[in-house]
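Summary of structural features
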Amino acid sequence: MKKEQAFSVETPEESSGFLLWQVTNLWQREIRQALVPYGITHSQFVLLASTLWLSQHDAPITQVLLSNHTKIDPMTTSTVLRTLQAKGLLQRQEHATDTRAKTVALTPEGIKLARQAVKAVEQFDKKFFTTLGGKANNFNSLLQSLLAQSGGE
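Let me sum up the structure you'll find in this document. (Residues numbered from 1 in each chain as written. Predicted model: local features only at pLDDT ≥ 70, side-chain atom pairs only at ≥ 80, totals over all residues. Heavy atoms only, no water.)

**Re the overall build of the chain**
- Counting its regular elements, the chain contains six helices and two strands.
- Each helix (α) and strand (β) of the chain, taken in turn from the N terminus, gives the series α-α-α-α-β-β-α-α.
- In terms of C-alpha radius of gyration, the chain reaches 19 Å, well past the compact-globule figure of 15 Å for 153 residues.
- If you line up the chain on its principal axes, its C-alpha atoms span 70 × 35 × 25 Å.
- Split into buried and exposed, the 153 residues of the chain put 27% on the buried side.
- Per element, the accessible surface of the chain, about 11000 Å² overall, is 56% carbon and sulfur.
- Of the charged side chains in the chain, 16 are positive and 13 negative; the average position of the first set lies 6 Å away from that of the second. (Helix = DSSP H or I, 4+ residues; strand = E, 2+ residues; numbered from the N terminus. Rg over C-alpha atoms; globule rule 2.2 N^0.38 Å. Buried < 20%, exposed > 50% of the residue type's maximum accessible area, 1.4 Å probe, protein only. Areas by Shrake-Rupley, 256 points an atom, 1.4 Å probe, with all protein chains shown as cover. Lys, Arg positive; Asp, Glu negative; His and termini not counted. Charge placed at Lys NZ, Arg CZ, Asp CG, Glu CD.)

In structure tokens, the structure reads:
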């Protein structure tokens, strides 16, 4: 009697989702280690770095904009921003024209920490993705396609 196959693939290496999950977990684990010296979590880093990025591109920064930019859900974004505010790394205040919105700005300490952490993360990413060689741009395009198809961009 033949066993019913639960999977459509013969080996785990044929499953794009499983491979993505493995690589993502490896990458996140190592990113967490790279951020230890800065005393921030990966989510905190993403929101700090995104606030710095957006501030350098003349965009008025709101929690909603940050949530959309980072793909972090609004409630988590708000919680993490509150933590960063308590650490003295950013300020949140009522939006000038939209009473439902809060604007976000880095403090001088937040700018300094964000710049330092960005350097560390960029160095880590360069090392981590060096295996891709000249295929990194193609890899990024494929990831952008996945984001776009799910409404992520």
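Additional details are given in the paragraphs that follow.
**Structural notes on the nonpolar core**
- Among the nonpolar cores identified, the biggest contains 25 residues, and I40, L48 and L84 are the most heavily contacted of them.
- Residue assignment for this core shows that the elements contributing at least two residues are α1 (16-35), α2 (42-55), α4 (74-86), β2 (102-106) and α5 (108-128).
- Discounting chain neighbours no more than four positions away, the residues touching L84 are Q44, L47, L48, L89 and L90. (Core = buried A, V, L, I, M, F, W, Y, C linked by side-chain atoms within 4.5 Å. Contact = heavy atoms within 4.5 Å.)

**Side note on the packing of α1 against α5**
- Between α1 and α5, the shortest axis-to-axis distance is 10 Å and the interhelical angle comes to 145°. Helix-helix and strand crossings are classified by hand; for α1 and α5 the assignment is right-handed. Of the residues in α5, those touching α1 at V23, L26, W27, E30, I31, A34 and L35 are A117, A120, V121, F124, D125 and F128.
- A breakdown of the residues in the contact of α1 with α5 according to their chemical character gives eleven nonpolar, no polar and two charged. (Axes fitted to C-alpha atoms, helices over the stretch in contact; angles between N-to-C directions. Left-handed = near helix turned anticlockwise from the far one by under 90°. Nonpolar A, V, L, I, M, F, W, Y, C, P; charged D, E, K, R; others polar.)

**Section: the environment of Y38**
- Mapped onto the fold, Y38 is located in the loop between α1 and α2.
- You can call Y38 partly exposed: its relative accessible area is 23%.
- Measuring from C-alpha to C-alpha, the distance between Y38 and A114 comes to 9.0 Å, with 76 residues separating the pair along the chain.
- Residues within four places of Y38 in sequence aside, it is in contact with L113, Q116, A117 and A120.

**Structural notes on the packing of aromatic side chains**
- Within this structure, the stated rule accounts for four aromatic pairs.
- Taking 5.0 Å as the distance between ring centres and 80° as the angle between the ring planes, the aromatic pair formed by F128 and F129 counts as edge-to-face.
- With a relative accessible area of 27%, F129 lands in the partly exposed category.
- Between the aromatic rings of F129 and F139, the centroid separation amounts to 6.0 Å while the plane-to-plane angle is 40°, which identifies the pairing as tilted. Of this pair, F129 sits in the loop between α5 and α6 (136-149) while F139 is found in helix α6, placing the two residues ten residues apart along the sequence.
- Of the residues examined, F139 reaches a relative accessible area of 29% and is grouped as partly exposed. (Phe/Tyr/Trp six-rings, centres within 6.5 Å; stacked < 30°, edge-to-face > 60°.)

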